[in-house]
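# Structural description and commentary
Each chain, written out:
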Amino acid sequence: MFKIPDRVADLFGDDSVRVEFQQALLAAGQVQDYEMKYLEEGPFSEAARITHGRLHGVDLKAVPEGQRSLVAGVRALSRRLITSGYAIHEAANAGERAQSDWSDLLVFAREKCAGSAQNADNAGWKRCTTYILDRAEAALGSDRSDEDRNAGYAVLRHLASFYRVDVGFQPSWYIQVPEAS
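Residues numbered from 1 in each chain as written. Predicted model: local features only at pLDDT ≥ 70, side-chain atom pairs only at ≥ 80, totals over all residues. Heavy atoms only, no water.

### A short note on the overall build of the protein
Short version of the rule: Helix numbers and strand numbers start at the N terminus; a helix is a DSSP run of H or I with at least 4 residues, a strand a run of E with at least 2. Only protein chains enter the calculation, and the probe is 1.4 Å; a residue is then buried if its accessible area is under 20% of its type maximum, exposed if over 50%, and partly exposed in between. We call two residues in contact when some of their heavy atoms are within 4.5 Å. Throughout, the Shrake-Rupley method with a 1.4 Å probe supplies accessible areas, and for residues the shown protein chains are the sole cover considered. Only four residue types enter the charge count: Lys and Arg as positive, Asp and Glu as negative, with His and the chain ends excluded. In plain terms, the charge of a residue is placed at NZ if it is Lys, CZ if Arg, CG if Asp and CD if Glu.
On a plain count of helices and strands, the protein comes out with eight helices and zero strands. Taken over the C-alpha atoms alone, the protein extends approximately 45 × 35 × 30 Å along its principal axes. For the protein, with 181 residues in total, the buried portion stands at 49%. The contacts of the protein with a sequence gap of at least 6 include a subset with a gap of at least 24, amounting to 73%. Surface accessibility of the protein: about 9200 Å² in total, with carbon and sulfur atoms responsible for 47%. Across the protein, the mean location of the 21 positive side-chain charges is 3 Å away from that of the 26 negative side-chain charges.

Pasting the structure below:
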């Protein structure tokens, strides 16, 4: 089993997201008492893993209507936080670094993710990708460390790779990572 690198916590960890994880799990009736401590105080990557594991197979129709959007968004976000960690790890192991084309990559990823969010089958995708893309963009700021910039670039490549057959995708952006189980 893969572990989510700590870089995910550094770039994406946020108390408000932890609260969203908890709220979604409670709404779906999928939280165990012993897991609440991890969700509140444990490593962010473990909170994402627990959340994904519990929400992965939840039927949204069984969730109260007013909570479905929250559960769908958190389910998608926790899954992509895990795979973003894999992308960061993969790029770091290969010695890949942020490139000067990052703004083109960001525009491509934002455009494609926004289009996919309109698809009814992609419940939660907008919440997920907006959060991740915003954080990846911040990590690419000139005031950030090379490690942050490299990680942010890897995450952008990961999201863009879902659209690798679309016009505008550059082959150098492709990164292959395993799917969250």
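### Digging into the pattern of salt bridges
Applicable threshold: A pairing counts as a salt bridge when a side-chain nitrogen of Lys or Arg comes within 4 Å of a carboxyl oxygen of Asp or Glu.
Going through the model one piece at a time under the given rule, you end up with twelve salt bridges. Asp134 is the salt-bridge partner of Arg110, the closest N and O atoms lying 2.8 Å from each other. Of this pair, Arg110 sits in helix α6 (residues 102–117) while Asp134 sits in helix α7 (residues 125–139), and the two are 24 residues apart along the sequence. When the shortest N-O distance is used, the salt bridge between Arg110 and Glu137 registers 2.8 Å. One end of the pair, Arg110, is in helix α6; the other, Glu137, is in helix α7, and 27 residues separate them in sequence. Residues joined by salt bridges that share partners form a network here, namely Arg79, Arg80 and Glu179.

### Points about the environment of Arg54
Here is the rule we go by: Any pair of nitrogen or oxygen atoms within 3.5 Å is treated as a polar contact; in protein, a donor-acceptor pairing is required on top of that, and neighbouring residues in sequence qualify only through side-chain atoms on both sides.
For Arg54, the position within the fold is in helix α4 (residues 44–55). For Arg54 and Gln30, which are 24 residues apart along the polypeptide, the C-alpha to C-alpha distance reads 5.8 Å. Sequence-distant contacts of Arg54, that is, excluding residues within four places in its chain, are made with Leu25, Gln30, Gln32, Tyr34 and Glu35. At 3.1 Å, the side chain of Arg54 forms a polar contact with the side chain of Glu35.

### Some points on α6
How we decide: Expected span of a helix: the number of residues minus one, times 1.5 Å. Directions are taken from the helix axis to each C-beta atom, and the arc is the one they span.
With 16 residues, α6 ought to run about 22 Å at 1.5 Å a step, and its terminal C-alpha atoms sit 22 Å apart, in line with that. Among all positions in α6, only Leu105, Leu106, Phe108, Ala109, Lys112, Cys113 and Ser116 are buried. Here the buried residues of α6 occupy an arc of 165° about the axis, which is enough to place them on one side. Facing away from the buried side of α6 by over 90 degrees, the exposed positions are Val107 and Glu111. Against the buried residues of α6 lie α7 and α8 (146–161).

### Focus on the confidence of the model for the protein
As a reminder, the rule being used: Per-residue confidence from the predictor is reported as pLDDT, which spans 0 to 100.
For the protein, the average pLDDT comes to 91, and 96% of its residues sit at 70 or higher. Put simply, helix α1 (residues 6–12) is where the protein has its lowest mean pLDDT, 79, and α8 is where it has its highest, 96. Ignoring residues within four places in sequence, the model shows residues 1–5, a span with pLDDT below 50, making 14 contacts including any to other chains.

### Some thoughts on the nonpolar core
The line we're drawing: We define a nonpolar core as any set of buried Ala, Val, Leu, Ile, Met, Phe, Trp, Tyr and Cys residues linked to one another through side-chain atoms lying within 4.5 Å.
Phe12, Phe21, Leu39, Leu55, Val71, Leu81 and Ile132 are the most contacted members of the largest nonpolar core, which totals 50 residues. Every element with two or more residues in this core is listed here: α1, α2 (15–27), α3 (33–41), α4, α5 (68–93), α6, α7 and α8. When near neighbours in sequence (up to four residues on either side) are disregarded, Leu55 contacts Ala24, Leu25, Ala28, Gln30, Val71, Val74 and Arg75. Among the nonpolar cores identified, the runner-up in size contains eight residues, and Tyr86, Ala87, Ala154 and Val177 belong to it.

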